[in-house]
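What follows is each chain in one-letter form.
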Amino acid sequence: MIDDILIELLQTFGFPVYRQGSLAETAPYPDTFFTFWENPENETDYDNQTKFVIYDFNVYVYSIDPQLLADTLAAARTLLKQNNFIIVSRGFDVSSDEITHTGKGFEVGYINTEN
């Protein structure tokens, strides 16, 4: 699955990776971590057969260190682009439930050919 590829790539940074909203309310935030959210999948059909599936994700980085946050966000975009993900947006602010953490996100796509 494409989300497994996304997770594997993000884990190479050495930070935890969570599906957005899956961190328990009582769990402490790691100093730096990734989350992601899968947006709706779209498909392209030809002769009533699915030919392509377009996956769309929001990837978020949270950190107590604003410089590490910016550097990690840029490096994650580069890594995903090198692995056939399409960078849809370069970055945007995201809210954090913890005053100690700042969050940024970006949107990526992935086109998978179906047989």
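Residues numbered from 1 in each chain as written. Predicted model: local features only at pLDDT ≥ 70, side-chain atom pairs only at ≥ 80, totals over all residues. Heavy atoms only, no water.

1. A look at the overall build of the protein chain
What the protein chain contains, in helices and strands, is two helices and six strands. In terms of overall dimensions, the protein chain has a C-alpha envelope of 55 × 30 × 20 Å along the principal axes. Within the protein chain, counting contacts between residues at least 6 apart in sequence, those at least 24 apart form 57% of the total. Carbon together with sulfur atoms contributes 48% to the accessible area of the protein chain, which is approximately 7,000 Å² in total. Computed over 6 positive and 18 negative side-chain charges, the inter-centroid distance for the protein chain is 10 Å. (Helix = DSSP H or I, 4+ residues; strand = E, 2+ residues; numbered from the N terminus. Contact = heavy atoms within 4.5 Å. Areas by Shrake-Rupley, 256 points an atom, 1.4 Å probe, with all protein chains shown as cover. Lys, Arg positive; Asp, Glu negative; His and termini not counted. Charge placed at Lys NZ, Arg CZ, Asp CG, Glu CD.)

2. Digging into the nonpolar core
Ranked by size, the top nonpolar core spans 21 residues in total, and within it Leu-6, Leu-10, Val-59, Leu-80 and Phe-85 carry the most contacts. Looking at this core, the elements that each hand over two or more residues are α1 (2–11), β2 (32–38), β4 (49–63), α2 (66–82) and β6 (102–113). Apart from residues no more than four positions distant in its own chain, Leu-80 is found in contact with Leu-6, Leu-9, Leu-10, Val-59, Phe-85, Phe-106 and Val-108. (Core = buried A, V, L, I, M, F, W, Y, C linked by side-chain atoms within 4.5 Å. Buried < 20%, exposed > 50% of the residue type's maximum accessible area, 1.4 Å probe, protein only.)

3. Observations regarding the pattern of salt bridges
Going through the model one piece at a time under the given rule, you end up with two salt bridges. As a salt-bridge pair, Lys-104 and Asp-93 come within 3.2 Å of each other at their nearest N and O atoms. Of this pair, Lys-104 sits in strand β6 while Asp-93 sits in strand β5 (residues 86–94), placing them eleven residues apart in sequence. Classification of Lys-104 as partly exposed rests on a relative accessible area of 24%. (Salt bridge = Lys/Arg side-chain N within 4 Å of Asp/Glu carboxyl O.)

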